[in-house]
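Residue strings, one per chain:
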Amino acid sequence: MAAVTAWAENLEKLGLELPAVAAPVASYIPAVRTGNLVYTSGQLPFVNGQLSVTGKVGAEVSTEQAAEAAQLCALNALAAVHALVGLDNVVRIVKVVGFVASAPGFNDQPVVINGASNFLGEVLGDAGVHARSAVGVSELPKNSPVEVELIAEVR
C-alpha cells in the first residue's frame, strides 16, 4: 500500500496544490458523505474564484483547453473530498461523471474528460482508476465548458 502522503507528493510533482473548496454557485454543498462513500457536487474549472475558460467545446474552446479545464474540475473535486474527510482516507475513486458543453457536431467528450481521469490516476495511482461517463450537453452553469463530479470510497 502506498504511503498516505503519496497524493500530496504527486500533486507537488505536478506543480499543483489543493485549492480552497470552490464556493457553491447555488443551493448545495460541495460534498456529502453517506456510509463509506463521498459524493461531490459538480465542480467547475474555477481558479481563484474565476472560470479558467468559458464557451462551448468545439467552438470557442479547443479539446485541449477543455481537457485542461476538466483537470481543474477534478482538482476542485479532490479539494471538496479533502475538506470533508481528508484525502488520506480515500480508498479509491469509484466513479467520475463529466459533462461537456458541446458545440453542434462535437463528439469527443471522452477525450475531454480524459483530462480529469488521467489527472486522478497521476495523483492517486491505482486508487484513481474509476468507472466513468462523459456526457455532451448544450449548456453548463456560468458558460463553463466542462463540469466534473465524482464518487469516492473512503475509510
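Above: the structure in question.
Residues numbered from 1 in each chain as written. Predicted model: local features only at pLDDT ≥ 70, side-chain atom pairs only at ≥ 80, totals over all residues. Heavy atoms only, no water.

## Some details on helix 1 (residues 6-13)
Of all the residues in helix 1, the buried ones are Ala6, Trp7, Asn10 and Leu11. Each buried residue of helix 1 sits inside an arc of 135° when the element is viewed along its axis, so together they form one side. In this structure, the buried residues of helix 1 make contact with helix 2 (63-85) and helix 3 (109-124). Positive phi appears at glycine 15, one or two residues downstream of helix 1, with a value of about 75°. (Buried < 20%, exposed > 50% of the residue type's maximum accessible area, 1.4 Å probe, protein only. Helix = DSSP H or I, 4+ residues; strand = E, 2+ residues; numbered from the N terminus. Arc of directions from axis to C-beta. Contact = heavy atoms within 4.5 Å.)

## Notes on the side chain of asparagine 76
If you trace the backbone, asparagine 76 turns up in helix 2. Residue class for asparagine 76 comes out buried when judged on its relative accessible area of 3%. Residues contacting asparagine 76, with those up to four places away along its chain left out, are Pro19, Gln43, Leu44, Pro45 and Phe46.

## Description of the environment of alanine 80
Relative to the helices and strands, alanine 80 is located in helix 2. Distance from alanine 80 to leucine 18, taken between C-alpha atoms, is 9.3 Å for residues 62 residues apart in sequence.

## Comments concerning the pattern of salt bridges
Evaluated as defined, the whole model comprises 1 salt bridge. Across the pair glutamate 139 and lysine 56 runs a salt bridge, and its minimum N-O distance is 3.1 Å. Of the two residues, glutamate 139 sits in the loop between strand 6 (131-137) and strand 7 (146-154) while lysine 56 sits in the loop between strand 4 (50-51) and helix 2, which places them 83 residues apart along the sequence. The exposure class of glutamate 139 is exposed, given its relative accessible area of 53%. (Salt bridge = Lys/Arg side-chain N within 4 Å of Asp/Glu carboxyl O.)

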